[in-house]
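Survey of secondary and tertiary structure
Spelled out from the first residue to the last, the chains are:
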2 protein chains.
Amino acid sequence: MDLSFFTQKIAAGLAELRYGAAPEALYEPIRYIMALGGKRIRPLLTLLGAHLFTDDLGPVVRPALATEVFHNFTLLHDDLMDQAPLRRGQQTVHEKWNPNVAILSGDVMLVRAYELFFDVSPTLLPTVLRKFSQTAAEVCEGQQWDMNFETETQVSIPQYLDMIRLKTAVLLGFCLELGALLGGASAADADRLRQFGTDIGLAFQLRDDLLDVYGDAATFGKRVGGDIVSDKKTFLLLTAQAQAAAEQQATLAQYIGQPVQDAEAKVRDVTAVYDTLGIRPQTEEIINEYFVQALRHLDQVAVPADRKEPLRRLALQLMERES
Amino acid sequence: MDLSFFTQKIAAGLAELRYGAAPEALYEPIRYIMALGGKRIRPLLTLLGAHLFTDDLGPVVRPALATEVFHNFTLLHDDLMDQAPLRRGQQTVHEKWNPNVAILSGDVMLVRAYELFFDVSPTLLPTVLRKFSQTAAEVCEGQQWDMNFETETQVSIPQYLDMIRLKTAVLLGFCLELGALLGGASAADADRLRQFGTDIGLAFQLRDDLLDVYGDAATFGKRVGGDIVSDKKTFLLLTAQAQAAAEQQATLAQYIGQPVQDAEAKVRDVTAVYDTLGIRPQTEEIINEYFVQALRHLDQVAVPADRKEPLRRLALQLMERES
């Protein structure tokens, strides 16, 4: 079954959502950010998770959209906290309106996300809402750790991996578990799919770190080396700092935590340190480990292999791999 | 039954709540704002609403506390939006920590508020959550209207009443309806109690407007005339503007929307306009109308009158009336 079968259901469902009418300053920003687009990966994972177990995707669409509304709520508030001017090439909500509008519109988006679950059958609803709420709190925890790390001098690699797990991966895991539960999966299969999603999320975020340095600027869509320029504590930088000999430590210390005088030189010299230490193959190795581990969880799910094809294909697409 | 019977249950329940451990910057502000105190009126209304119909208040405590956590979430975000330095005489969260901490801690408080409902029986849970979510969105709408009104030149009295209904009254109405539903009330009685709570909320907010001008500074706990100094569009100011003759219009125009040069003179002269127009008795009249209407809804609830005594007593206390 083609992925477009699922993405069309999501697009149709999104087009039908109504967030509220008045006051416009509360609801127009929600329509605005939801219309900015994006790959809608989270609801797609939910539909694909459900489709492993059922052909009846009708009741899954609104809960799937809840994950997309929730994700956009986090983007809206995160952009404000990070003072980001742009989101998907357009003005962020706090720039186009103001910070107060961003706070309050975000708040009501979180409420609307919850509402999209309330048609779930009463027998499943408490479980689904407990898992969603735990995930939502963990995403907030991840964002707080991320902000803490900006000013902390010592961040360990396990701390970093836990931060991206909370901030990014657990929501992908929840999306799949949600789909599985709504599709009628056993608790064991639902849990396998949650782990599949979490591992894919970790691999995806680490790949994002890698592409910032080693990606093609044209296809990646961001300036290469942006993380290096801003001293972002990525897996690459933390690994380099942990492994650097005296000479490389000196190069890193010359740039990290210092005012940026020559951004190009900074990107070039820090990348040279990464190259010397073999940071790229090490990062590719851990990405691959998470990816293989993810597929192992998917393999164990008790449905025929052909049923898993769309989900496996999406995972490959997210990694931009052929097989 | 004494009100302290109910307030002790709330205090004990609050003391048992756990919001989360790490990161501390996310969870410590929640413990901080929840510990600032307050009259805990919302959970009290829920317990009293339930107690009309049942003696078994055990399962009502956590949902009742959800309303208090939600209320404090709105205070946390509102204080940030209003740039308020103090809350109950203590530093606000965005002042004690920073705006980002206030945004994110507030977000997770809203999640925690939802979680406190999840032990409600599966048959009632969808209804309760739908009503709570609608109320939560309405409270956000009320806050947005309130912010809009700051910069609008024309605000009508019906618009103002609708704003305070959304921002303050609907949550009190929900608290009572929640208690009634959990206590086993009929839908009709639950609706009567919602209306009772909403009307009490409107009366209470209008009384707050009145006390700002005509209250005793010592017992009111705020500076008398604060709303006048800040040009806040209260029921008193809007009524005065609607009824002022040319001379009083001139006095108001001399102060409203103008830089404050002499705050004392402003309070004195605007109050004199209010006195001339009889704004105080007119405000007392509408407060009384809402209060009487509230009690009429309570009278119609199909339980013995003595069962309603604690709730009636609380309503009188909120109005600081003897009977």
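This report concerns the structure included in the present document. (Residues numbered from 1 in each chain as written. Chains lettered and ligands numbered in written order. Predicted model: local features only at pLDDT ≥ 70, side-chain atom pairs only at ≥ 80, totals over all residues. Heavy atoms only, no water.)

1. Some remarks on the overall build of chain A
Inclusion rule: Helix and strand assignments follow DSSP, with helices taken as H or I runs no shorter than four residues and strands as E runs no shorter than two, numbered in order from the N terminus. In this setup the radius of gyration rests on C-alpha atoms only. A globule is expected at 2.2 Å times the number of residues raised to 0.38. Think of it in three bands: residues with accessible area under 20% of the maximum for their type are buried, residues over 50% are exposed, and the middle band is partly exposed, with areas taken using a 1.4 Å probe on protein chains only. Any two residues whose heavy atoms approach within 4.5 Å are treated as being in contact. Per-residue and other accessible areas were derived by the Shrake-Rupley procedure at a 1.4 Å probe size, with only the shown protein chains allowed to occlude residues.
Helix and strand counts for chain A stand at 16 helices and two strands. Relative to the 2.2 N^0.38 estimate, which gives 20 Å for 323 residues, the radius of gyration of chain A is 20 Å and therefore close to what a compact globule would have. Seen through its C-alpha atoms, chain A measures out along the principal axes to roughly 60 × 50 × 35 Å. Every one of the 323 residues in chain A was classed for burial, and the buried ones make up 57%. Pairs at least 24 apart in sequence give 72% of the contacts found in chain A among residues at least 6 apart. About 13,600 Å² of surface is accessible on chain A, with carbon and sulfur atoms providing 49% of the total.

2. As for the nonpolar core
For clarity, the threshold we go by: Put simply, a nonpolar core is a bunch of buried Ala, Val, Leu, Ile, Met, Phe, Trp, Tyr and Cys residues held in one set by side-chain atoms that sit within 4.5 Å of each other.
In this structure, F117, F196 and Y274 of chain A together with F117, F196 and Y274 of chain B are the most contacted members of the largest nonpolar core, which totals 235 residues. If sequence neighbours within four positions are ignored, F196 of chain B has contacts with L176, A294, L295, H297, L298, L311 and A315 of chain B.

3. Describing the environment of H77 of chain A
Here is the rule we go by: Polar contact is the term for a pair of N or O atoms within 3.5 Å; when the atoms are in protein, one must be able to donate a hydrogen and the other to accept it, and sequence-neighboring residues count only if both atoms are side-chain atoms.
In this structure, H77 of chain A sits in helix α4 (residues 61-82). Measuring from C-alpha to C-alpha, the distance between H77 of chain A and L104 of chain A comes to 9.5 Å, with 27 residues separating the pair along the chain. Contact partners of H77 of chain A, with chain neighbours within four places excluded, come to A102, I103, G106 and D107 of chain A together with H77, I103 and D107 of chain B. A distance of 2.7 Å separates a polar atom in the side chain of H77 of chain A from a polar atom in the side chain of D107 of chain B.

4. Some details on the interface of chain B and chain A
We apply this condition: Summed over both partners, the accessible surface that disappears when two parts come together, traced with a 1.4 Å probe, is what is meant by buried area. Note on definitions: salt bridges are taken to be side-chain nitrogens of Lys or Arg within 4 Å of carboxyl oxygens of Asp or Glu.
In this assembly, 38 residues from chain B lie in contact with 38 residues from chain A. For the pairing of chain B and chain A, the buried interface totals around 3,400 Å² over both sides, and the portion due to carbon and sulfur atoms is 72%. At the junction of chain B and chain A, the tally comes to two salt bridges. In this structure, the salt-bridge partner of R130 of chain A is D119 of chain B, at a minimum N-O distance of 3.1 Å. Taken together, chain B and chain A are joined by ten residue pairs in polar contact (both at pLDDT 80 or more).

5. Focus: the relation of the copies chain B and chain A
Note on the chain copies: they are related by a rotation about an axis and a translation along it. Spelled out, the test is: A least-squares superposition brings the copies together, and it is based on the C-alpha atoms of residues with pLDDT no lower than 70 in both.
When chain B is fitted onto chain A, the two copies agree to an RMSD of 0.0 Å after a turn of 180° and an axial shift of 0.0 Å. In the structure described here, the two chain copies are related by an operation that fits a two-fold rotation axis. Proximity to the rotation axis, assessed at the C-alpha, singles out P122 of chain B in chain B; its C-alpha lies 2.8 Å from the axis. A shared interface surface links the copies, since 100% of the contact residues of chain B are contact residues in chain A too.

6. Focus on unusual backbone geometry
Note that the residue after A22 of chain A, namely P23 of chain A, is joined by a cis bond; omega there is 0°. Assignment of secondary structure puts P23 of chain A in the loop between α1 (3-16) and α2 (24-35). Even without being a glycine, D231 of chain A presents a positive backbone phi close to 60°. Here D231 of chain A is to be found in the loop between α11 (226-229) and α12 (235-243). Residue R40 of chain B is not a glycine yet carries a positive backbone phi of 55°. Inspection of the secondary structure puts R40 of chain B in the loop between α2 (24-35) and α3 (41-51).

7. Some details on helix α15 (residues 279-299) of chain A
Residues and elements named next belong to chain A. The criterion, for reference: Helix span is expected to be 1.5 Å times the residue number reduced by one.
Over its 21 residues, α15 extends 30 Å from the first C-alpha to the last, a length consistent with the 30 Å expected when each residue adds 1.5 Å. Listed in full, the buried residues belonging to α15 are I279, T283, I286, I287, Y290, F291, A294, L295, H297 and L298. Contacts from the buried residues of α15 go to α8 (157-183), α9 (187-214), α12, α14 (263-277) and α16 (309-319).

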